[in-house]
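Structural characterization, general
Spelled out, the chains give:
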Amino acid sequence: MSTSASWRTHRCGDLRAEHIGEKVQLCGWAANRRDHGGVFFVDLRDRAGLVQLIADEDAPAEAGPALDALHAEDVIQITGTVRPRIAGQKNEDRDTGEVEVLVETVQVLSHAQRLPFEVLDELDAPEQLRMKHRYLDLRRAPMKRLMELRSRANHSIRTTLQGRDFIEVETPMMTRSTPEGARDYLVPSRVKPGSWYALPQSPQVFKQLCMVGGLDRYFQIARCMRDEDLRADRQPEFTQLDLEMSFVTEEDVYALVEAVVVALYRDVLGRELSAPFERMPYAEAIQKYASDKPDLRIPIEIVDLAGPGGQLGFMVFDGVLEKGGWVRGFRVPGGASLSRKQIDQIEQAAKDAGAGGAAWCKVTEDGATGPLSRFLEGDAGAAFLAALEAQPGDLVVTIADLPRRALVALDAVRRKAAELAEMVGEADRLVWITEFPLFEESDEGEWHPAHHPFTSPVLEDVEALAAGQKDGVRSRAYDLVLNGVELGSGSIRIHDRDLQQTLFSAIGIPPEEAEVRFTHLMEAFRYGAPPHGGFAIGLDRLYALMFGAASIRDVIAFPKTASGSCPLTEAPAPVDSEQLAELGLALDLPDTDGNASTDAP
């Protein structure tokens, strides 16, 4: 192994025509070895890129066989001289394409065994296999690009916030369990048997305590964990940009977040976003787009069809309306050109979203065709189509269901119809969704915070909240949405101890329980808490959208699968019984027959 004080004089991907004639020492991974009639070529790769190595008649006699003996992904160190490529052999698609390195010496630093997949930029390998051997996947240029973009993005965020006098504070990774909408990951205490830490779902309480502590402009690129059912765009551990400020209103928070996002796009992508971003109240978003995260690139609005729909004599509509449900729909301009197969996809999107299906029709010069058309005769049918402003050549799609399912289904079919009709605009659309309700009612009739229990109600609704009202109580919460994807949430927080207890009581946490579970926060509020508010952006999701990644897993160096497992480390995994005994734990797991099996320490 080399004992040189400097392993390399240059990086592979940095060599250019200006280096011609220089003697260089390079290190990297051997890729794409070729033998052209006794002239040997190897592409040498490092993080900066690829450069072509060559051993021909001008190279030492031992250089050619040394290159020829290399295996894919061997780690090598070479010395040689940079020279121009001969006419006609320049590679315009490569930054180093004007030059090559005439090899003098080759030293193998580490041999690579047979690979589970080739390290190619255009790779057709199962994602599970790529994740199991992530260290190989990261050698590919597309993955390196995403990691480098992520690093630049984090730097941009820090530069913008530190330029505005924000303090970066690292909050604890082990704290106590608090209700934040999902299950906590729990860590047993060895020194205090029977007690547990919780890994943070967010730094929410601690950033509020920073405000009480006078650190009036806080930020953190924070690691968070939530033990929840996973989806394609979620990970059990994730990274968010966490912000909090004292003595601010919603407008101050909007302006700061917009400055961060605008700088991020400019610094990383070289693109300019216009600010301020659009604003839309929650009620308007639900009414027009059946979603609190509407994709405004889609020029389709939802129409309430309860009135005209109830006059059609359509039993499905009538039955839903009798139960207090919704009949809503939209028109797809020019959508009558969609094939039956494409319309089947729209219907399937409704079913996948939990609805029974979607009733539809095509509008022609001679009237309507399709399943819904037989109910659209006469004045009632004309009034129904008029409510939609439907024109010949349009497709009409409707959903009839109870409000919760109808919302989800309408959003799904609107997106699918726009995709199939190629109506999704190209320009990014960022919008603030404002004036959220403070509480949401579950299917079981239970009320819970729409965001989290530290969100301040609108001042005019505090009296109603104190009187026990939940429905209609508004919050000072806001979300930022990009192209139909929620990037993050925030709110003006409660800073009054009595109001905080009022909200705890409203969600079933009595004063004595609140004093135990939130003793640190409730105690701090006794000693002067400033008005404050903040925001958090899910960086994995934002970066995946910004960088054009296929999945958020592609912008995370070592992600988990959709089931929360790590193919690389095979976590989660069993631990030794000695470790359990040290923690005072016993396992009570069902055996293969479904019976309990206890492994006592």
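Use the structure listed above.
How each quantity is defined
Residues numbered from 1 in each chain as written. Predicted model: local features only at pLDDT ≥ 70, side-chain atom pairs only at ≥ 80, totals over all residues. Heavy atoms only, no water. Helix = DSSP H or I, 4+ residues; strand = E, 2+ residues; numbered from the N terminus. Buried < 20%, exposed > 50% of the residue type's maximum accessible area, 1.4 Å probe, protein only. Contact = heavy atoms within 4.5 Å. Areas by Shrake-Rupley, 256 points an atom, 1.4 Å probe, with all protein chains shown as cover. Lys, Arg positive; Asp, Glu negative; His and termini not counted. Charge placed at Lys NZ, Arg CZ, Asp CG, Glu CD. Pairing = 2+ DSSP bridges. Axes fitted to C-alpha atoms, helices over the stretch in contact; angles between N-to-C directions. Salt bridge = Lys/Arg side-chain N within 4 Å of Asp/Glu carboxyl O. Parallel < 35°, antiparallel > 145°, perpendicular 65-115°, else oblique. Left-handed = near helix turned anticlockwise from the far one by under 90°. Nonpolar A, V, L, I, M, F, W, Y, C, P; charged D, E, K, R; others polar. 1 Å grid on protein atoms, 1.4 Å probe; cavity = no way out; pocket = protein on both sides within 12 Å on 5 of 7 lines; lining within 4 Å. Points joined across faces, edges and corners; volume = space filled by probe spheres on them.

Each helix and strand in the protein chain was counted, giving 18 helices and 24 strands. Principal-axis analysis of the C-alpha atoms places the extent of the protein chain at approximately 90 × 75 × 60 Å. Looking at the protein chain as a whole, 46% of its 601 residues are labelled buried. Across the protein chain, the fraction of contacts at a sequence separation of at least 24, relative to all contacts at a separation of at least 6, is 66%. As presented, the protein chain carries roughly 29,500 Å² of accessible surface, and 49% of it is formed by carbon and sulfur atoms. Averaged over its 64 positive side-chain charges, the protein chain has a centre that lies 2 Å from the centre of its 96 negative ones.

The omega angle of the peptide bond from alanine 275 to proline 276 is 5 degrees, so this bond is cis rather than trans. Relative to the elements of secondary structure, proline 276 occurs in the loop between α6 (250-269) and β11 (278-281). Its identity is not glycine, yet aspartate 165 carries a phi of approximately 65 degrees, on the positive side. Residue position: aspartate 165 is located in the loop between α4 (141-162) and β6 (167-168). A residue is classified by how much of its surface remains accessible, and aspartate 165, at 61% relative accessible area, is exposed. Positive phi outside glycine occurs at phenylalanine 247, with the angle close to 55 degrees. Its location among the elements puts phenylalanine 247 in the loop between β10 (237-246) and α6.

Further remarks concern the pairing of strand β1 (residues 23-36). Bridging between β1 and strand β4 (residues 75-84) involves seven bridges; their strand directions are antiparallel. Bridge pairing links lysine 23 to threonine 81 in β4. Note: β1 against strand β2 (residues 39-46), seven bridges, orientation antiparallel. What sits directly across from arginine 34, in β2, is phenylalanine 41.

Each strand in a sheet pairs with its neighbour through backbone hydrogen bonds, running either in the same direction (parallel) or in the opposite one (antiparallel). Read across the open sheet, the five strands follow the order β12-β13-β16-β14-β15; overall the sheet is antiparallel. Strand pairing shows two members of the sheet lacking a second neighbour, β12 (303-304) and β15 (367-369), which therefore form its edges. As judged from the seven bridges shared by strand β13 (residues 326-332) and strand β16 (residues 395-401), these two strands associate in the antiparallel manner. When the bridges of β16 are listed, arginine 328 appears paired with isoleucine 399. Its contacts with the sheet place helix α9 (residues 315-322) against β13 and β16, and it is angled at close to 40 degrees to β16. Of the strands in this sheet, β12, β13, β14 (359-364) and β16 touch helix α11 (residues 378-388), which is tilted by about 100 degrees from β16.

A word on the pattern of salt bridges. Under the criterion given, the structure shown has 46 salt bridges. Residue arginine 83 pairs with glutamate 100 through a salt bridge whose shortest N-O separation is 2.9 Å. Of this pair, arginine 83 sits in strand β4 while glutamate 100 is found in strand β5 (residues 99-110), placing the two residues 17 residues apart along the sequence.

In this section: the packing of α4 against α6. Across the interface, α4 lies against α6 with an axial gap of 9 Å and an inter-helix angle of 140 degrees. Classified by the angle between their axes, α4 and α6 sit oblique to one another. In this structure, α4 crosses over α6, and the sense of that crossing is right-handed. Contact residues: α4 offers Leu149, Arg152, Ala153, Ser156, Ile157, Thr160 and Leu161, while α6 offers Leu256, Ala259, Val260, Ala263, Leu264, Asp267 and Val268. Residues that form the contact of α4 with α6 fall into these classes: 10 nonpolar, two polar and two charged.

Bringing the pairing of strand β20 (residues 477-482) into the picture now. Where burial is concerned, most of β20 is hidden: six out of the six residues are buried. Residues Ala477, Asp479 and Val481 line one face of β20 and the alternating positions Tyr478, Leu480 and Leu482 line the opposite face, and both faces are buried. When β20 meets strand β21 (residues 485-492), the two strands line up antiparallel, connected through six bridges. Each bridged residue has a counterpart across the sheet, and for leucine 480 the counterpart in β21 is glycine 488. Connecting β20 to the next strand, β21, in antiparallel fashion are two residues, including asparagine 483 with a positive phi near 50 degrees.

What follows is about empty space enclosed by the protein. The final tally for this structure, using the stated rule, is two cavities of 30 Å³ or more. Space inside the second largest cavity adds up to approximately 40 Å³. Lining of the second largest cavity is provided by Thr171, Pro172, Met173, Pro200, Ser202, Pro203, Phe206, Gln220, Ala222 and Arg223. When residues in the lining of the second largest cavity are grouped by element, the largest group, three residues, is from strand β9 (residues 217-225). Among the residues making up the lining of the second largest cavity, the classes are represented as six nonpolar, three polar and one charged.

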